Amino acid sequence: MSTPDYLHDCLDLFPEVTQRRYGKEQRPDEVERRVAGMLKDGQDLWEIIRDIHDNDAFDAEMFGFLPDQIEVELKKTTWHSQWNTLPEEQLVRQLHGVFRQIEQVSMVLRFVDPNRFGIFSSPVATILGVRPRRRPTAAYEAYLKSLCEVRDDRGFHRTADVDMALWALQVGVLERRLPEEQRRGLKESYERDLPLRQIATRNLTSQLLSENTKLTVAEYLLGQKEEIALAGQIAGIEFEQVVGKRTRSAGSARQDENLYDLINRFKPSDMRPRLHRARIIRNDAIHEPAKVTKEDVEFLIEMAREVERRAR
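Below, the structure is looked at part by part. (Residues numbered from 1 in each chain as written. Predicted model: local features only at pLDDT ≥ 70, side-chain atom pairs only at ≥ 80, totals over all residues. Heavy atoms only, no water.)

1. A word on the nonpolar core
Phase 1 of the analysis: In this structure, Leu-95, Leu-128, Tyr-140, Leu-166, Leu-169 and Leu-196 are the most contacted members of the largest nonpolar core, which totals 66 residues.
Phase 2 of the analysis: Sequence-distant contacts of Tyr-140, defined by excluding residues within four places in its chain, comprise Val-92, Ile-102, Ser-106, Leu-109, Phe-117, Gly-118 and Phe-120. (Core = buried A, V, L, I, M, F, W, Y, C linked by side-chain atoms within 4.5 Å. Buried < 20%, exposed > 50% of the residue type's maximum accessible area, 1.4 Å probe, protein only. Contact = heavy atoms within 4.5 Å.)

2. Remarks on the packing of aromatic side chains
Phase 1 of the analysis: Tallied over the full model, the rule gives seven aromatic pairs.
Phase 2 of the analysis: Ring centres of Tyr-22 and Trp-167 lie 6.0 Å apart, and the angle between their planes is 15°; this geometry places the pair in the stacked category. Here Trp-167 lies in helix α10 (residues 159–174) and Tyr-22 lies in helix α2 (residues 14–22), a separation of 145 residues in the sequence.
Phase 3 of the analysis: Under the relative-accessibility criterion, Tyr-22 is labelled partly exposed at 32%.
Phase 4 of the analysis: Taking the ring centre of Phe-266 as reference, the NZ or CZ of Arg-246 above it sits at 5.2 Å.
Phase 5 of the analysis: The residue whose ring lies beneath Arg-277 is Phe-299, and the NZ or CZ to ring-centre distance is 3.8 Å. (Phe/Tyr/Trp six-rings, centres within 6.5 Å; stacked < 30°, edge-to-face > 60°. Helix = DSSP H or I, 4+ residues; strand = E, 2+ residues; numbered from the N terminus. Lys NZ or Arg CZ within 6 Å of the ring centre and 35° of its normal.)

3. Topic: helix α6 (residues 88–99)
Phase 1 of the analysis: For α6, which comprises twelve residues, the first-to-last C-alpha distance of 16 Å matches the rise-based estimate of 16 Å (1.5 Å per residue) to within 8%.
Phase 2 of the analysis: Among the residues making up α6, those that are buried are Leu-91, Val-92, Leu-95, His-96, Val-98 and Phe-99. Down the axis of α6, the sector holding all buried residues measures 160°, keeping them to one side.
Phase 3 of the analysis: Of the surrounding elements, those touching the buried residues of α6 are α4 (45–54), α5 (69–76), α7 (102–112) and α9 (136–154).
Phase 4 of the analysis: Just downstream of α6, Arg-100 is the residue with a positive phi angle, here 65°. (Expected span 1.5 Å × (residues − 1). Arc of directions from axis to C-beta.)

4. So, α7
Phase 1 of the analysis: Burial of α7 is extensive: ten of the eleven residues sit out of reach of the surface.
Phase 2 of the analysis: The complete set of buried residues in α7 reads Ile-102, Gln-104, Val-105, Ser-106, Met-107, Val-108, Leu-109, Arg-110, Phe-111 and Val-112.
Phase 3 of the analysis: Buried-residue contacts for α7 involve α3 (28–40), α4, α6, α9 and α10.

5. Considerations on unusual backbone geometry
Phase 1 of the analysis: Here the amide bond leading from Lys-267 into Pro-268 is cis, since omega sits at 5°, within 30 degrees of zero.
Phase 2 of the analysis: Structurally, Pro-268 is set in the loop between α15 (259–264) and α16 (272–287).
Phase 3 of the analysis: The residue Arg-100 is not glycine, and still its phi comes out positive at about 65°.
Phase 4 of the analysis: Tracing the chain through its elements places Arg-100 in the loop between α6 and α7.
Phase 5 of the analysis: In this structure, Arg-176 takes a positive phi of about 65° despite not being glycine.
Phase 6 of the analysis: The residue Arg-176 is located in the loop between α10 and α11 (180–191) in this model.

6. With respect to the pattern of salt bridges
Phase 1 of the analysis: By the definition in use, this model includes 24 salt bridges.
Phase 2 of the analysis: With a shortest N-O distance of 3.1 Å, Arg-274 and Glu-306 are connected by a salt bridge. With Arg-274 in helix α16 and Glu-306 in helix α17 (residues 294–311), this pair connects stretches of sequence that are 32 residues apart.
Phase 3 of the analysis: Salt bridges sharing common partners tie together Glu-32, Arg-110, Arg-158 and Asp-161. (Salt bridge = Lys/Arg side-chain N within 4 Å of Asp/Glu carboxyl O.)

Structural data, given as structure tokens:
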């Protein structure tokens, strides 16, 4: 695991980055203290939401204005008076049904319980590889899961602190709002932070796989030079499967056939030399990934698609 120190340094820089980004330092800790007091006093959820938006310490409206009808809609719900007893996922869904914007929901939850929640924002979603989804609540669930993973692995006490640290990393360091001398070491630490990039890759890949074919995912991954080996592995698995399906559908299958044997039975036979070249790339991608180039994977994908076309 890479050292957690640089992410804690990013958290320390959060106030300065907010000043540079918004022209005003954001002080979420002041809002937290006020909300904690209101919760202790048993204040109504609507009163807490309104107070978050009215607090000068934090510009809540950057995540959306508070429509007048929200109070009426919120108080009409059957769960309004027992909201703090709802399971986490149910609370997110119910609030989203009222607000209809996951950013506003996440902001309220972040101040209500900073130990468990963070604000859903584009800069942090970029770092974590969380893209918009058909169900915004599903995107937020993936976002929270990743924040909690970083929290537990890097010695943070609260999910909201991870959220602020990653926001400062993206906006202050990667988007270069901080001076170069402040950015240099943090950027180098991020570039060496394989576990954080793995979280982003996992999120991107899982969503892409749910919405696209595996060969399309492999093509997406080719756009990231550090993921060429992964693209080759995904394309290699798909290549083996489509060759097997195409060859076995054209004749009797034998249980002991490997990919080499299947290609030797492939028809038309004039494709076999190119298929064997793709097979070698597939083997390298799985067993010796450092040998595989972007051009190799592009050829592997091309051959898999050609076999697919012939199977139709």
